[in-house]
Amino acid sequence: MATLLTVLVLLSLQIKIFCIPFTDQDSNGLGSSCQCDPVLCPQLQGCLAGVVLDQCSCCHECANIEGQSCDLDKKSYFYGHCGDNLECKVDMKDLSHGEIPEPRCVCQFQHPVCGTDRQTYLNICKFNEALHGNSTVNLAIAHRGPCQSGPQIKAAPQDQISRKGDDVIFRCEVFAYPMALIQWKRENSSLLLPGDDAHISVQSRGGPLRYELSSWLQIERVNEKDMGVYYCSAHNKYGSVAAKATLLVTVKDEAPLTKRNEDILAEEAEEYDYY
């Protein structure tokens, strides 16, 4: 019994130290090596970017996905290494924002692909994440380029409560290929906004991501007549979609101030720096 117990203890210790580097100094006091037993390597699941060898080159471990920090030096294992179709790069644009550049995993191929699930993936790396993230789905690439489909609302306008006299902005983001047309309407009205109303305006632009379109409905100096439901609708030849938001207007002492029009637009501009 004592012999069996000793064997079990030694085995448990061996499992704990597999593929763990340790210093093995030679006669010159230099050098290092790893203790490795491939039989003891763990079974990996859900590695979204595939697998890479660990620092002992013994067992596989999950690779880093797009956007994760990574080690530029292949011999370093502080952050980890990038997975399939990814490379570790430093974005020098961070310097212009006063930030210290940090290496991150970047997809080597930035063209979009269409999956057999009729979803558009911004690049092959995003497709691989979906593929490895759900083993129960039989997913493959249908073709290079975006899927042709009806529009999808990625960011719907939000309900707002505003004080009388303040400015209000509703935002709507739509993904579609071919590009969709975004329109704004009020509930129970067939007239497209802004119409001839001088205190209402609509702005639209591409982004923030490829094949997306963003639109803003701006109402200056709101009053009680502006209260109601506003619809953002988008359509192309493959279909249409709509989302709504409600605006409530109160007197000056009944609601907190909303952000000023220029403050919101400034925040939006920051989101589009990379588009």
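Preceding this section is the structure that the text describes.
## Quick look at the packing of aromatic side chains
Here is step 1: Applying the stated criterion across every chain yields a total of five aromatic pairs.
Here is step 2: Both rings, one in Tyr121 and one in Phe127, keep their centres 5.5 Å apart while their planes meet at 85 degrees; by these two values the pair is edge-to-face.
Here is step 3: Centroid distance Tyr177 to Tyr211: 5.4 Å. Interplanar angle 85 degrees. Geometry classified as edge-to-face. With Tyr177 in strand β12 (residues 168-177) and Tyr211 in the loop between β14 (200-206) and β15 (212-219), this residue pair connects regions lying 34 residues apart in the sequence.
Here is step 4: Taken together through their ring pairs, the aromatic side chains of Phe175, Tyr177 and Tyr211 make up a single cluster.
Here is step 5: Of note, Lys154 hangs over the ring of Phe175, and the distance from its end group to the ring centre comes to 5.8 Å.

## Quick word on the side chain of Ser69
Here is step 1: Among the secondary structure elements, Ser69 is positioned in the loop between β4 (60-62) and β5 (86-89).
Here is step 2: Side-chain polar atoms of Ser69 contact the side chain of Glu102, separated by 2.7 Å.
Here is step 3: Setting aside chain neighbours within four positions, we find Ser69 in contact with Asn64, Tyr79, Glu102, Pro103 and Arg104.

## Digging into unusual backbone geometry
Here is step 1: Cis geometry marks the peptide bond from Leu193 to Pro194, where omega comes out at 15 degrees.
Here is step 2: As for its placement among the helices and strands, Pro194 is situated in the loop between β13 (181-186) and β14.
Here is step 3: For the bond running from Gly207 to Pro208, omega is 10 degrees, close enough to zero to count as cis.
Here is step 4: Structurally, Pro208 is set in the loop between β14 and β15.
Here is step 5: Residues other than glycine seldom take positive phi values, yet Asn85 does so here, at roughly 65 degrees.
Here is step 6: Residue position: Asn85 is located in the loop between β4 and β5.
Here is step 7: For Asn85, a relative accessible area of 28% gives the class partly exposed.
Here is step 8: Although it is not a glycine, Arg221 adopts a positive phi angle of roughly 50 degrees.
Here is step 9: The exposed category is assigned to Arg221, whose relative accessible area is 53%.

Rules behind the numbers
- Residues numbered from 1 in each chain as written.
- Predicted model: local features only at pLDDT ≥ 70, side-chain atom pairs only at ≥ 80, totals over all residues.
- Heavy atoms only, no water.
- Phe/Tyr/Trp six-rings, centres within 6.5 Å; stacked < 30°, edge-to-face > 60°.
- Helix = DSSP H or I, 4+ residues; strand = E, 2+ residues; numbered from the N terminus.
- Lys NZ or Arg CZ within 6 Å of the ring centre and 35° of its normal.
- Polar contact = N/O pair within 3.5 Å; in protein donor to acceptor, adjacent residues only side chain to side chain.
- Contact = heavy atoms within 4.5 Å.
- Buried < 20%, exposed > 50% of the residue type's maximum accessible area, 1.4 Å probe, protein only.

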